[in-house]
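Commentary on secondary and tertiary structure
Single-letter residue listing:
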Amino acid sequence: MDGPTSTPRKPYLVSTHASIAEIPAHDWNRLASPDTPFLRHEFLAAMETHGCVGEELGWIPLHLALRDEAQHLLAVAPCYIKTNSYGEFVFDWSWADAYHRHGLRYYPKLVIASPYTPATGPRLLTGATPARDQYASALLQGAARVAERLGISSLHCLFHAEEETRLLEGCGFMTRLGCQFHWHNQGYDSLDQMLGTFTSAKRKQVRRERRRVAEAGLRLRRIRGDEVNEEEWSIFHRLYCSTFDKRGGIPTLSLDFFRAIAEVMGDSLLLVLAYRGRHIVAAAFNLIGNSSLYGRHWGCNEDFHGLHFEACYYQGLEYCIEQGLDRFEPGAQGEHKISRGFLPTRTWSGHWVADPGFRTAIARFLEKDVRGMEEYLAAMQTHSPYRSH
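Residues numbered from 1 in each chain as written. Predicted model: local features only at pLDDT ≥ 70, side-chain atom pairs only at ≥ 80, totals over all residues. Heavy atoms only, no water.

**Regarding the packing of helix α3 (residues 93–101) against helix α11 (residues 356–381)**
Running from N to C, α3 and α11 cross one another at 145°; their axes reach a closest spacing of 12 Å. Pair α3 / α11 crosses with right-handed handedness. On α11, the residues that touch Trp-95, Ala-98 and Tyr-99 of α3 are Phe-358, Ile-362, Phe-365 and Leu-366. Residues that form the contact of α3 with α11 fall into these classes: seven nonpolar, no polar and no charged. (Axes fitted to C-alpha atoms, helices over the stretch in contact; angles between N-to-C directions. Helix = DSSP H or I, 4+ residues; strand = E, 2+ residues; numbered from the N terminus. Left-handed = near helix turned anticlockwise from the far one by under 90°. Contact = heavy atoms within 4.5 Å. Nonpolar A, V, L, I, M, F, W, Y, C, P; charged D, E, K, R; others polar.)

**Observations regarding the pattern of salt bridges**
Evaluation of the coordinates by the stated rule reveals 25 salt bridges. The salt bridge partner of Asp-369 is Arg-176, with a shortest N-O separation of 3.5 Å. One end of the pair, Asp-369, is in helix α11; the other, Arg-176, is in strand β9 (residues 174–184), with 193 residues separating them in the sequence. Arg-327 is the salt-bridge partner of Glu-329, the closest N and O atoms lying 2.5 Å from each other. (Salt bridge = Lys/Arg side-chain N within 4 Å of Asp/Glu carboxyl O.)

**A closer look at the nonpolar core**
Of all hydrophobic cores here, the largest spans 52 residues; its most connected members are Phe-43, Trp-233, Phe-257, Phe-258, Ile-261 and Phe-285. For this core, the secondary structure elements donating two or more residues are α1 (25–31), α2 (41–49), β5 (73–77), α8 (230–247), α9 (255–265), β11 (269–276) and β12 (279–288). Excluding residues that lie within four positions of it along the chain, Trp-233 makes contacts with Gly-225, Val-228, Leu-255, Phe-258, Ala-262, Leu-269, Leu-271 and Phe-285. By size, the runner-up hydrophobic cluster in this structure holds 43 residues, among which are Val-213, Cys-320, Leu-325 and Trp-348. (Core = buried A, V, L, I, M, F, W, Y, C linked by side-chain atoms within 4.5 Å. Buried < 20%, exposed > 50% of the residue type's maximum accessible area, 1.4 Å probe, protein only.)

**What about the environment of Ala-379?**
Relative to the elements of secondary structure, Ala-379 occurs in helix α11. Looking at Ala-379, the relative accessible area reads 35%, which means it is partly exposed. For the pair Ala-379 and Phe-91, spaced 288 residues apart in sequence, the C-alpha to C-alpha distance is 22 Å.

**Let's talk about empty space enclosed by the protein**
In total, this model carries two cavities of 30 Å³ or more according to the counting rule given. Approximately 50 Å³ is the volume found for the largest cavity. In this structure, the largest cavity is lined by Phe-43, Met-47, Pro-115, Tyr-116, Thr-117, Leu-253, Phe-257, Phe-285, Arg-296 and His-297. For the lining of the largest cavity, the secondary-structure elements that each account for two or more residues are α2 and β13 (292–300). Of the residues in the lining of the largest cavity, the class split is seven nonpolar, two polar and one charged. Estimates place the volume of the second largest cavity at around 30 Å³. Lining the second largest cavity are Pro-118, Ala-119, Tyr-294, Gly-295, Arg-296, Glu-329 and Gly-331. Residue contributions to the lining of the second largest cavity peak at three residues, all from β13. (1 Å grid on protein atoms, 1.4 Å probe; cavity = no way out; pocket = protein on both sides within 12 Å on 5 of 7 lines; lining within 4 Å. Points joined across faces, edges and corners; volume = space filled by probe spheres on them.)

**A word on the layout of surface pockets**
Taken as a whole, the largest pocket spans an internal volume of roughly 920 Å³. Around the largest pocket, the lining is made up of 34 residues, and of these Phe-89, Phe-244, Arg-247, Arg-296 and His-297 lie nearest the centre. Mapped onto the lining of the largest pocket, the elements with two or more residues apiece are α8, β12, β13 and α10 (307–323). Of the residues in the lining of the largest pocket, the class split is 16 nonpolar, 14 polar and four charged. Volume-wise, the second largest pocket comes out at about 370 Å³. Lining of the second largest pocket is provided by 20 residues; of these, Phe-89, Gly-178, Cys-179, Thr-347 and Met-373 occupy positions nearest its centre. Taken together, the elements giving at least two residues each to the lining of the second largest pocket come down to β9, β15 (343–353) and α11.

**Considerations on the packing of aromatic side chains**
For the structure shown, the criterion picks out 25 aromatic pairs. Following the ring pairs from residue to residue traces out a cluster consisting of Phe-43, Trp-233, Phe-236, Tyr-240, Phe-244, Phe-257, Phe-258 and Phe-285. Just above the ring of Trp-59 sits the side chain of Lys-82; from NZ or CZ to the centre is 4.0 Å. The residue whose ring lies beneath Arg-340 is Phe-309, and the NZ or CZ to ring-centre distance is 3.6 Å. (Phe/Tyr/Trp six-rings, centres within 6.5 Å; stacked < 30°, edge-to-face > 60°. Lys NZ or Arg CZ within 6 Å of the ring centre and 35° of its normal.)

As structure tokens, this is what we get:
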């Protein structure tokens, strides 16, 4: 652990931690939101323990902690030294290229994020306290000083909660606007009731997709993480890896990682399994918050018409309605989600850049980028399947 770095607002102290194990799980979790299981101590610790992050993958832990003079823990943030931009889902390859063309190093950089997880929510973890803004701002200022001390090009906060935008901007961060497609529960009693609010054409499309899955002889089963057995986790992991194999990516999450989080936070995991006869042919992995569901990973060993939509969207929607969850975030990107009930939703990231010249250039880029994204969001909204929109 590096020595504490004083923030401008005394008497706070910011420390960096090369492993989340240096911060007690109870202390970390009391500051994290109960709606973001991907920021729980157990989730992040399992990544470190089971080889999902580290120098080889370009995610080197350097977690941030804010304490007062009495060493009381006031705020934390999941932070990593990044030597690439893989697994972030906020694309800055062009920034890195511009640095390179000017003879400057963009990497390493610092990122406040949950690795490989483009799910929204607070990134500056303070718990429910009236001093939230004060603690979060002090943590950010300390993070910037850490970046300066390490000679790092930039500091990025990814998929943070919208209400954190003002705090980030107040600490010199530039805002970038993104788009995902999320579902919000309107108090539906069933998926059929929700489909009743669709236009006729979109409702028929969904029902046809679901019918074709059934006609293919496929059966879907939803199972909580602490009820999944060893064989089912092994099959799921093979399917998960196959998705990356097909796309030329890297399956960074190990089987031991999934087994570990199932043991310690199994009630926050939802696995959707698709069977043909007695054999599992596809699976979708989700995380459960206290009011939200987060779709994360999927794999299938054959092509079945509509099965991806059934396993990744319709089963999750049914689960949310049955459990009374407010939101469903099915993952990054994907305009095809709109016709299935997921509407364009703003996402946010904050960016602090050390070099004055590049800070000015990136600010100009982001100004145009935000305007373009607002136009895109408005255009996507016109494709809503709901009659009332």
